[in-house]
Amino acid sequence: MTAARRIVIVEDEPAIADTLVYALKTEGFSPEWCATGGAGLTAIAREPAALVILDVGLPDIPGFELFRQLQRRGPVPVLFLTARNGEVDRIVGLELGADDYVTKPFSPREVTARVKAILRRTAASPSEATTVTQGNFAVDGERCEIRYRGRALLLTRYEYRLLTVLLSRPERVYSRDELMSQAWEDPGASLDRTVDAHVKTLRAKLREAAGDEAFDPIRTHRGLGYSIRLDA
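Quick caveat: nothing in here was measured; it's all calculated off a predicted structure.

Draft legend 1. Structural context of the pattern of salt bridges. Under the definition given, this model contains 17 salt bridges. Note that Arg6 is salt-bridged to Glu47, the shortest N-O span being 3.8 Å. Remark: Glu47 occurs in the loop between helix 2 (37–46) and strand 3 (51–55) and Arg6 occurs in strand 1 (residues 6–10); sequence separation between them is 41 residues. With its nearest N and O atoms 3.7 Å apart, the salt bridge here joins Arg68 to Glu65. In this pair, Arg68 and Glu65 both sit in helix 3 (residues 63–73), three residues apart, roughly one turn of the helix. Residue Arg68 is classed as partly exposed on the basis of its relative accessible area of 36%. Connected via shared salt-bridge partners are Arg6, Glu32, Arg46 and Glu47.

Right, dumping it as structure tokens:
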């Protein structure tokens, strides 16, 4: 089983899981079903996955909390499954950094099509093998890692992308629309507050790395957007 084709399905309903396993195998993937969040964490820790299909309503760990735990271990594409169709749940999932969101009932063919689309979008592109140092930041494009003041930042995929956009032109003011278009695969699925939420979590991680609760290298420009300073 290669990591590039391995899909972990975390879903507590056997009938739904069986359908997804069959559909994914038909498309050449290597799916592994886990009926609980705990089993899913174990499976992903044991062997890397190309993507995780994650049910929001799990019996042991809430899906959104499991997503947070997965992202702390390292960026991995996630497709949420849920019986809920409320806009709030969809927004929460996307703001956390999920790659897509499907409500039950759904067509297995639709899910496999979305899986393939996500993997195409998130496929690693050629990157510089060297680390680029900018002020107190060091960006390793090959490892998708950013260090601040010598400390590696544990970033979700969208936090990483958002920070790299800001660092690409320090001091430049980026509007929320510009940040969404450059950091998100599907900007149309996100909202202005999605950017604000990710900036908030980025600020917290930068403060933790700096050891200063009052510290903030990301500047807010009221009515305009955000910029970043390298000398902070």
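Draft legend 2. Spatial organisation of the sheet that holds strand 7 (residues 137–140). In spatial order, the strands read 6-7-8-9; together these four strands make up an open sheet with antiparallel pairing. Every other strand in the sheet has two partners, leaving strand 6 (131–134) and strand 9 (151–152) as the edge strands with one partner each. Sheet topology places strand 8 (residues 145–148) next to strand 9; two bridges connect them, and they run antiparallel. Residue Arg147 lies in a different strand from strand 9, and its bridge partner there is Ala152. The strands touched by helix 6 (residues 157–168) within the sheet are strand 6, strand 7 and strand 8, with strand 7 carrying the most contacts at an inclination of about 120°.

Draft legend 3. Expanded view of the packing of aromatic side chains. If you walk through the whole model with that rule in mind, you get four aromatic pairs. With 5.2 Å between their ring centres and 90° between their planes, Phe64 and Phe80 make a pair best called edge-to-face. Of this pair, Phe64 sits in helix 3 while Phe80 is found in strand 4 (residues 78–82), placing the two residues 16 residues apart along the sequence. With respect to burial, Phe64 and Phe80 carry one shared label: buried. Summarising the aromatic geometry, the rings of Phe67 and Phe80 are spaced 5.6 Å apart at their centres and angled 45° between planes, so their arrangement reads as tilted.

Draft legend 4. Focus on the sheet that holds strand 2 (residues 30–34). Spatial strand order, 2-1-3-4-5: five strands in an open sheet with parallel pairing. Here the strands that pair on one side only, and so sit at the sheet edges, are strand 2 and strand 5 (100–103). Each neighbouring strand pair of the sheet contributes to a mean axis angle of 20°, computed without reference to strand direction. Of the strand pairs in this sheet, strand 1 and strand 3 are connected by four bridges, and their pairing is parallel. By the bridge assignment for strand 3, Ile7 is matched with Leu51. On top of the sheet, helix 1 (residues 14–26) reaches strand 1, strand 2, strand 3 and strand 4; it is set at about 170° to strand 2, its chief contact.

Draft legend 5. Representation of the pairing of strand 2 in the model. Relative to strand 2, strand 1 runs parallel, the two sharing five bridges. In the sheet register, Val10 faces strand 2, and the bridge partner there is Cys34. Between the parallel pair strand 1 and strand 2, the chain is carried across by helix 1, and the sense of this crossover is right-handed.

Draft legend 6. Summary view of the nonpolar core. Judged by nonpolar contacts, the single largest core of 28 residues is most densely connected at Phe137, Ile146, Tyr148, Leu153, Leu163, Leu179 and Ile218. Elements with a contribution of two residues or more to this core: strand 7, strand 8, helix 6, helix 7 (176–183), helix 8 (192–210) and strand 11 (225–228). Residue contributions to this core peak at seven residues, all from helix 6. Val8, Ala49, Ile61 and Phe67 belong to the second largest nonpolar core, which has 22 residues in total.

Conventions we followed
- Residues numbered from 1 in each chain as written.
- Predicted model: local features only at pLDDT ≥ 70, side-chain atom pairs only at ≥ 80, totals over all residues.
- Heavy atoms only, no water.
- Salt bridge = Lys/Arg side-chain N within 4 Å of Asp/Glu carboxyl O.
- Helix = DSSP H or I, 4+ residues; strand = E, 2+ residues; numbered from the N terminus.
- Buried < 20%, exposed > 50% of the residue type's maximum accessible area, 1.4 Å probe, protein only.
- Pairing = 2+ DSSP bridges.
- Contact = heavy atoms within 4.5 Å.
- Axes fitted to C-alpha atoms, helices over the stretch in contact; angles between N-to-C directions.
- Phe/Tyr/Trp six-rings, centres within 6.5 Å; stacked < 30°, edge-to-face > 60°.
- Right-handed = clockwise from strand over helix to strand, strands pointing away.
- Core = buried A, V, L, I, M, F, W, Y, C linked by side-chain atoms within 4.5 Å.

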